[in-house]
Amino acid sequence: MENIKTERKNFWKLLLTLALPIALQHLLINSLTFVDTLFMSQLGDVALSASGMAFQWNWLLSMITFGLCSGSALFIAQYWGAGQKDNIRKTCKIATVTALGAAVLFMFGALCFPSQIMKIFNRNPDVVKTGVDYLRILAFSYPATALTSVLSTVLRSTERVKLPMFVSGISTFANIILDYAMIFGKLGFPKMGVEGAALATTISAWIGLVLLVGISVYQKNILIMPIKEYLRFSFDDYKAFMVKASPVIINELLWGLGTVCNNVIYSNTGYENFAACTILRTVESLCLILFIGLNDGGAVIVGKTIGEGNYDKAYRSAKRLVYSTPIISAVLAVFVIIFREKVVYLFNMSGNITQKTVNVAMAIIVIYAVELCFRNIPYTMICAIFRSGGDSFTGAKFDIICLWFLAIPITLFTAFGLKLAFPMVMLVEYLVEDIPKCIMCLKHFKSRKWIKPVAEFDDAALK
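Residues numbered from 1 in each chain as written. Predicted model: local features only at pLDDT ≥ 70, side-chain atom pairs only at ≥ 80, totals over all residues. Heavy atoms only, no water.

J.: Go over the environment of Ala396 with me, naming the residues and quoting the values.
T.: With respect to the helices and strands, Ala396 occurs in helix α13 (residues 393–417). Each C-alpha atom, one on Ala396 and one on Trp255, is 8.8 Å from the other, the two residues being 141 residues apart in sequence. Setting aside chain neighbours within four positions, we find Ala396 in contact with Pro247 and Asn251. (Helix = DSSP H or I, 4+ residues; strand = E, 2+ residues; numbered from the N terminus. Contact = heavy atoms within 4.5 Å.)

J.: Residue-level account of the packing of helix α2 (residues 45–82) against helix α10 (residues 271–307), with values.
T.: With their axes 12 Å apart at the nearest point, α2 and α10 run at an angle of 5 degrees to one another. In terms of axis orientation, α2 runs roughly parallel to α10. Taking contact as the criterion, the partners of Asp45, Val46, Leu48, Ser49, Gly52, Met53, Gln56, Ala77, Gln78, Trp80, Gly81 and Ala82 in α2 are, on α10, Tyr271, Glu272, Phe274, Ala275, Thr278, Ile279, Ala299, Val300, Gly303, Lys304, Ile306 and Gly307. Each residue belonging to the contact of α2 with α10 can be placed in one class, and the counts come to 13 nonpolar, eight polar and three charged. (Axes fitted to C-alpha atoms, helices over the stretch in contact; angles between N-to-C directions. Parallel < 35°, antiparallel > 145°, perpendicular 65-115°, else oblique. Nonpolar A, V, L, I, M, F, W, Y, C, P; charged D, E, K, R; others polar.)

J.: Before we move on, can you summarise the nonpolar core with the specific residues and values?
T.: For soluble globular proteins, nonpolar side chains are generally found buried alongside one another. Membership of the largest hydrophobic core comes to 97 residues, with the highest contact counts inside it found for Tyr142, Phe241, Ile364 and Met426. Among the elements that line this core, the one with the most residues is α2, at 14 residues. Residues in contact with Tyr142, not counting those within four places in the same chain, are Trp57, Asn58, Leu61, Ala103, Phe106, Met107, Ala110 and Leu135. (Core = buried A, V, L, I, M, F, W, Y, C linked by side-chain atoms within 4.5 Å. Buried < 20%, exposed > 50% of the residue type's maximum accessible area, 1.4 Å probe, protein only.)

J.: So, the pattern of salt bridges: which residues are in play, and what are the values?
T.: The final tally for this structure, using the stated rule, is 13 salt bridges. For the salt bridge of Glu433 with Arg375, the shortest nitrogen-to-oxygen distance reads 3.2 Å. A residue pair is termed long-range when its members are at least 10 positions apart, and Glu433 in helix α14 (residues 422–447) and Arg375 in helix α12 (residues 355–386) qualify at 58 residues. Of the charged contacts, one joins Arg375 and Asp434 as a salt bridge, the two residues approaching to 2.8 Å between their closest N and O atoms. (Salt bridge = Lys/Arg side-chain N within 4 Å of Asp/Glu carboxyl O.)

Read these as geometric descriptors, not functional statements.
Laid out in C-alpha cells, this is it:
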C-alpha cells in the first residue's frame, strides 16, 4: 500500500514537472491567438470572420501535423523508456521530412487557389477578398510552423520541455509586437490591417524555428545531426512508422476535415455567426491549455512506463489522468460562465462587432462550458492514453464514427432542415459527437487492450 502511495506521489510530481512547461508553452501560443483575434475584432465583423475562415486551411494542416506529432510521440516516449536513442533519431527524421512535405503542399495550395478556398466558407465578396489577402501571406508560415511542431514534440517526448517553452515565449512576444505594429500602423510600420496580421504571424513563425534550431546546435541535443542525415532512413523504417502512425494522422486529418465541414455549415448560416464562433474558438483554445499540458506530460509518462515493461503501473498512471479530467473540466466551466461577458466585451471594445455576434457568442460560450467535461474525457483517453499506449487505431475509429456518421449529418439537418437557432445547432453537434464517444472510450480503457508496446510491434511489422 505504501508503494502505491509513493508511486502516486511520484506520478504527480513528474507530471507537474512535465506538464507546467508544456502548459505554459501553449498558454503563450494561445495568448497569441487571443491577442490576434482581439486585434482583428477591432477591424469589424468582416475582418474577424474572414481571417477565421482563411485560418481553416491552416487548421487543416495543423491537424495533419498534430497527428504526425502524436504518432511520433507514440514511438519516442516508449523508445525513451527503453533507452533506444537511435530509434528516437530515426523517428525524428521520418516525422520531419513528412511534416515539411505536407507544409509545402498546403503552402502551394494557399498560394495558387486562395479564392477557391475562401468560397468554400462564404461567398460574400468582401469576406472572400479579405480572406484571400490574409491567406496568401500566411501560407509562407506553414513550413516553419510544421517543423517547429515536430521538433518540439521530439524534445518534449524525451523530457526536454523547457526549450520549446522558451522558443514559444520569444516567438509569441515577437508576434504580438508585430501584430500591433503592422495591423494598426505603429512603431514606424504602415497600417496593413489583415495583411499585417498574416505577415506578423509568418515572421514570428520563422523566428521561432531559427531560434529552436540555433539553440539545439549550441546544446548539441538529440535533434542535431547533419542535414543529409535527415534523409537517411529505409523504406522498412518508414513502413514501420507509418503503419503505426498513419491511423493517428488519418484520424487528425479526418477530424480536421470534419471540423472544417462543421465550420462550413456554421459560416453558411451567416458570417456574424461565424464571427461568434471565432471568439468561441479563442476561448476554447485557452481552456485547453491545462489539458494539453497534462495530456502531453501524461502521455510521456504512460508511454515511457510501457517502454520499461511495467504495464500495471502504466494503467494506474492512466487512471489518474482519467479521474482528474472531469474535476478540472468542472472548475474551468465555472470560470468560463462567470467571466463570459467580460471576455466577449474585450472583442467589442471598439464597438465594431454587431449585437447579433455578441449575443450568439455569449450563448455558445455557455454551451461549450456546460459540455466541456464530455468533450475532454475522450480527448484525454484518445490523445494521452490510447496513443501513448501504442493503440493508434481505436481512437481514430471512435473519432470518425462520432464526427462523420453522427455529428456532421445531424448538424447539417438541424441547421438547414429544422432551421434551429444557431446556439441550438452547436449544442446538438456537441452532444451527439461527445457523449457516444465518452461511452466507447471508457469501455475500451477498462479493457486495457490499448496497451500495445511499440518494440513488439516493430518486429512484427517488418516481417
